Amino acid sequence: MRLTVLAGPTAVGKGTVAAEVRRRYPEVWFSVSATTRAPRPGEIDGVHYFFVSDADFDAMVERGEMLEWAVVHGRAKYGTPRGPVEAALANGRLALLEIDLQGARQVRASMPQAHFVFLAPPSWEDLVERLVGRGTETAEERDRRLATARVELAAADEFDTTIVNDDVERAAEDLVSLMRSSPNGNEP
Ligand code: 5GP
């Protein structure tokens with residue numbers, strides 16, 4: 001078992017750290033999630049996500065094919081297909097899931113022996129800056145995001161390890177050395 005789950009509050013920069021790991025550590029296997037949201041420009045089906053319809057997503061859930069799934073930001077469904085994760089682990093790969101907090105909690109319920117890593121901002125002010133920095137939201141939307149961020153930050157206690165994202169390269173290095181550090185994976 002060498003499964004690592006990376007989660008953290010909205011806007012902490014999980015995607016950026018994950019992209020850095022992808023670029024520098026090709027030995028790390030990334031789960032490709034299924035999502036019902038539309039692809040953004042440059043996103044490739046089967047690489048960044050499996051872009052599926054709502055009905056297809058629900059069918060996968062019903063067939064028990066999702067290791068976890070959640071509605072993220074109240075908009076689209078996102079889920080981790082179970083089969084590829086199990087195959088990667090069976091092959092002894094260092095496997096990484098970059099998912100939201102609700103998903104991380106589900107994985108913990110079904111795979112408690114996985115390693116749960118929380119990506120934290122250097123400070124509350126830093127997170128506020130990232131969340132509202134662009135200033136494109138309404139005051140109401142901003143307050144809603146900040147309230148969510150406060151609750152999400154409090155979830156750090158539920159995780160095995162916290163990595164502070166004050167420097168993307170260092171955060172990626174720390175994550176991969178954690179993943180490598182236990183020769184037998186994440187067995188207690
Ligand atoms: P985006 O739409 O920007 O690619 O991703 C939005 C959010 O969805 C991110 O916080 C990301 O961690 C989360 N996410 C991506 N894939 C999954 C998944 O398979 N399961 C869960 N629970 N969250 C996911």
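The coordinates are above.
In this report, the structure presented in the accompanying data block is examined. (Residues numbered from 1 in each chain as written. Predicted model: local features only at pLDDT ≥ 70, side-chain atom pairs only at ≥ 80, totals over all residues. Heavy atoms only, no water.)

## A word on the pattern of salt bridges
(1) Moving on: Under the criterion given, the structure shown has 17 salt bridges.
(2) Moving on: Across the pair Arg-180 and Glu-27 runs a salt bridge, and its minimum N-O distance is 2.3 Å. Taken together, the residues Arg-180 in helix α7 (residues 168–181) and Glu-27 in the loop between α1 (14–24) and β2 (28–30) connect sequence positions 153 residues apart.
(3) Moving on: Residue Glu-141 is joined to Arg-145 by a salt bridge in which the shortest nitrogen-to-oxygen separation is 2.9 Å. (Salt bridge = Lys/Arg side-chain N within 4 Å of Asp/Glu carboxyl O. Helix = DSSP H or I, 4+ residues; strand = E, 2+ residues; numbered from the N terminus.)

## Let's talk about the packing of α1 against α7
(1) Moving on: Relative orientation of the contacting elements α1 and α7 amounts to 70°, with a least axis distance of 9 Å. In terms of axis orientation, α1 runs roughly perpendicular to α7. Here α1 and α7 pass one another in a crossing that is right-handed. Across the interface between the two elements, Thr-16, Val-17, Glu-20, Val-21 and Arg-24 of α1 pack against Val-168, Glu-169, Ala-171, Ala-172, Glu-173, Leu-175 and Val-176 of α7.
(2) Moving on: Among the residues making up the contact of α1 with α7, the classes are represented as seven nonpolar, one polar and four charged. (Axes fitted to C-alpha atoms, helices over the stretch in contact; angles between N-to-C directions. Parallel < 35°, antiparallel > 145°, perpendicular 65-115°, else oblique. Left-handed = near helix turned anticlockwise from the far one by under 90°. Contact = heavy atoms within 4.5 Å. Nonpolar A, V, L, I, M, F, W, Y, C, P; charged D, E, K, R; others polar.)

## Considerations on the site of the ligand
(1) Moving on: What surrounds the ligand is a group of 15 residues, the closest being Ser-33, Arg-37, Tyr-49, Tyr-78 and Asp-100.
(2) Moving on: A distance of 2.5 Å separates an oxygen atom of the ligand from a polar atom in the side chain of Tyr-49.
(3) Moving on: The contact in question runs from an oxygen atom of the ligand to an N or O atom on the side chain of Glu-98, over 2.7 Å.
(4) Moving on: When the free accessible area of the ligand is taken as 520 Å², the share hidden by the protein chains comes to 86%.
(5) Moving on: More than half of the atoms belonging to the ligand lie within 2 Å of the grid points that define the largest pocket.
(6) Moving on: Considered class by class, the residues forming the shell around the ligand number five nonpolar, four polar and six charged. (Near = heavy atom within 4 Å. Polar contact = N/O pair within 3.5 Å; in protein donor to acceptor, adjacent residues only side chain to side chain. Areas by Shrake-Rupley, 256 points an atom, 1.4 Å probe, with all protein chains shown as cover. 1 Å grid on protein atoms, 1.4 Å probe; cavity = no way out; pocket = protein on both sides within 12 Å on 5 of 7 lines; lining within 4 Å. Sits in = over half its atoms within 2 Å of the grid points.)

## Section: empty space enclosed by the protein
Any empty space left between atoms is shown by rolling a water-sized probe over those atoms.
(1) Moving on: Under the definition given, this model contains one cavity of 30 Å³ or more.
(2) Moving on: In this structure, the largest cavity is lined by Leu-101, Ala-104, Arg-105, Arg-108, Phe-116, Glu-158 and Phe-159.
(3) Moving on: Across the lining of the largest cavity, the residue classes break down as four nonpolar, no polar and three charged. (Points joined across faces, edges and corners; volume = space filled by probe spheres on them.)

## Here we look at the packing of helix α5 (residues 124–132) against helix α6 (residues 139–153)
(1) Moving on: Contact pair α5 / α6: the axes reach a minimum separation of 10 Å and the direction vectors enclose 140°. Here α5 lies oblique to α6, going by the angle between them. Like other packed secondary-structure pairs, α5 and α6 cross with a definite hand, here right-handed. Here α5 contributes Trp-124, Leu-127, Val-128, Leu-131 and Val-132 to the contact with α6, which in turn contributes Arg-142, Arg-145, Leu-146, Ala-149, Arg-150 and Leu-153.
(2) Moving on: Here the residues of the contact of α5 with α6 are counted per class, giving eight nonpolar, no polar and three charged.

## Re the sheet that holds strand β3 (residues 34–35)
(1) Moving on: Spatially, the four strands line up as an open sheet ordered β4-β3-β6-β5, and their pairing is mixed. Of all strands in the sheet, those bounded by a partner on one side alone are β4 (50–51) and β5 (66–72).
(2) Moving on: Sheet strands in contact with helix α2 (residues 54–62) are β3, β5 and β6 (76–81), and its direction is about 40° off that of β6.
(3) Moving on: Those strands touched by helix α3 (residues 82–90) are β5 and β6, and its axis lies near 30° from that of β6. (Pairing = 2+ DSSP bridges.)

Everything listed is a geometric property; what it means functionally is a separate question.
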